[in-house]
Amino acid sequence: MNLNPLPLALDIALGMVALAFALCAWRLVRGPSPIDRVLAVDTLYINAVALVVLLGIRQQKPVLFEAALIMAMLGFVSTVALARYLTRGDVIE
Amino acid sequence: MTMEFHPVAQALAAALLLVGAFFLLVGSIGLARLPDFFMRIHAPTKASTLGIGSFLLASMLLSATQGRAGFAELLITLFVFVTAPVSANMMAQAALHLMVPAKMPPPDDAVPERRP
């Protein structure tokens, strides 16, 4: 009998990441201050990168890892721009 | 789904995936449940970084057993580990500027912006 733990672990990890998405979305809707919402968007970006990485492991496609890299870069840039905007009132002075 | 890997690598990758998913979930629970912003910023920036690093370690392990070097995975790991503290610092600065209410009083040696 070939006991294969990887597909089961992938499914469990997908479920846990989906739950993490739901919790971040709850904070994004509810967050009392704007910076709470920025933090929720940043965490959503990190969870989305994790989800794409899981999909790349599951389907064995290297293209998906490059997509995850681009998503990580976009998440960092958008978080920095939003935080700058809330601090200075302008993104680029 | 056809997966032909070495069984030891498969078991190790499965364990790393479960650990990473646990840390991502812990970070998001902290984001949803902690009482004020300055506590909330701690949970996702550290736990989620560790979780995504664990995922990418599992992916690099699996692709190494197939003879494919996971270069994009290494780049994602480096990028996330470098940029997560920077963006957390930016968000904390913005929160200090916006005077986000904190549940605990600031310490005596806090930055002068927080003084009432």
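Residues numbered from 1 in each chain as written. Chains lettered and ligands numbered in written order. Predicted model: local features only at pLDDT ≥ 70, side-chain atom pairs only at ≥ 80, totals over all residues.

**Some words on the overall build of chain A**
Then, in step 1: Looking only at helices and strands, chain A features three helices and zero strands.
Then, in step 2: Taken from the N to the C terminus, the helices and strands of chain A come in the order α-α-α.
Then, in step 3: Relative to its length of 93 residues, chain A is extended, with a C-alpha radius of gyration of 17 Å against a globular reference of 12 Å. (Helix = DSSP H or I, 4+ residues; strand = E, 2+ residues; numbered from the N terminus. Rg over C-alpha atoms; globule rule 2.2 N^0.38 Å.)

**Some points on the overall build of chain B**
Then, in step 1: When helices and strands are counted, chain B shows four helices and zero strands.
Then, in step 2: Counting helices and strands in the order they occur from the N terminus, chain B gives α-α-α-α.
Then, in step 3: Taking all 116 residues of chain B together, 41% fall into the buried category.
Then, in step 4: Excluding contacts between residues fewer than 6 apart, the proportion of contacts in chain B whose partners are at least 24 apart in sequence is 62%. (Buried ≥ 20, exposed ≤ 12 C-beta atoms within 10 Å, placed from the backbone. Contact = placed C-beta atoms within 7 Å.)

**Quick word on the confidence of the model for chain B**
Then, in step 1: For chain B, the average pLDDT comes to 85, and 90% of its residues sit at 70 or higher.
Then, in step 2: Across the interface, the model reports ipTM at 0.87; the global pTM reads 0.87. (pLDDT = per-residue confidence, 0-100.)

**Description of the packing of helix α2 (residues 34-59) of chain A against helix α4 (residues 71-98) of chain B**
Then, in step 1: At a closest axis distance of 10 Å, the pairing of α2(A) and α4(B) adopts a crossing angle of 170°. The angle between α2(A) and α4(B) falls in the class roughly antiparallel. Counting all contacts with α2(A), which are made through A:Ile35, A:Val38, A:Leu39, A:Asp42 and A:Val49, the residues of α4(B) involved are B:Ile76, B:Ser87, B:Met91, B:Ala94, B:Ala95 and B:Leu98. (Axes fitted to C-alpha atoms, helices over the stretch in contact; angles between N-to-C directions. Parallel < 35°, antiparallel > 145°, perpendicular 65-115°, else oblique.)

**With respect to helix α3 (residues 42-65) of chain B**
An α-helix turns once per 3.6 residues; consequently, residues spaced three or four apart project the same way.
Then, in step 1: Between its first and last C-alpha, α3(B) extends 36 Å over 24 residues, near the 34 Å set by a 1.5 Å rise per residue.
Then, in step 2: Looking at the residues trailing α3(B), positive phi occurs at B:Gly67, about 80°. (Expected span 1.5 Å × (residues − 1).)

**With respect to the interface of chain B and chain A**
Then, in step 1: Counting residues at the interface gives 46 residues for chain B and 46 residues for chain A.
Then, in step 2: Counting residues per element, the ones that place at least two in the side of chain B that touches chain A are α1 (7-33), α2 (37-40), α3 and α4 of chain B.
Then, in step 3: Sort the elements by how many residues they give to the side of chain B that touches chain A and α1(B) lands first, with 16 residues.

**Describing unusual backbone geometry**
Then, in step 1: Unlike most non-glycine residues, A:Gln60 shows phi in positive territory, near 55°.
Then, in step 2: Take A:Gln60: it is sitting in the loop between α2 and α3 (62-88).
Then, in step 3: Positive phi, close to 55°, is recorded for B:Met99, a residue that is not glycine.
Then, in step 4: Within the secondary structure layout, B:Met99 lies in the segment after α4.
Then, in step 5: Among the residues examined, B:Met99 registers 11 C-beta atoms within 10 Å and is labelled exposed.

**Notes on the nonpolar core**
Then, in step 1: If you look at the biggest cluster of nonpolar residues, it comprises 59 residues, and the most contacted ones within it are A:Ala50, B:Leu17 and B:Met91.
Then, in step 2: At the level of elements, α1 (5-30), α2 and α3 of chain A together with α1, α3 and α4 of chain B are the ones that each hand at least two residues to this core.
Then, in step 3: Examining the composition of this core, we find that 13 residues originate from one element, α2(A), more than from any other. (Core = buried A, V, L, I, M, F, W, Y, C linked by C-beta atoms within 7 Å.)

**Quick word on the packing of α1(A) against α2(A)**
Residues and elements named next belong to chain A.
Then, in step 1: Look at α1 against α2: their axes get within 9 Å of each other, and the N-to-C directions meet at 165°. As the angle between them shows, α1 and α2 are arranged roughly antiparallel. Every pair of crossing elements has a handedness; the one defined by α1 and α2 is left-handed. On the side of α1, the interface is formed by Leu 10, Ala 13, Leu 14, Val 17, Ala 20, Phe 21, Cys 24, Arg 27 and Leu 28, while α2 contributes Asp 36, Arg 37, Ala 40, Val 41, Thr 43, Leu 44, Asn 47, Ala 50, Leu 51, Leu 54, Ile 57 and Arg 58. (Left-handed = near helix turned anticlockwise from the far one by under 90°.)

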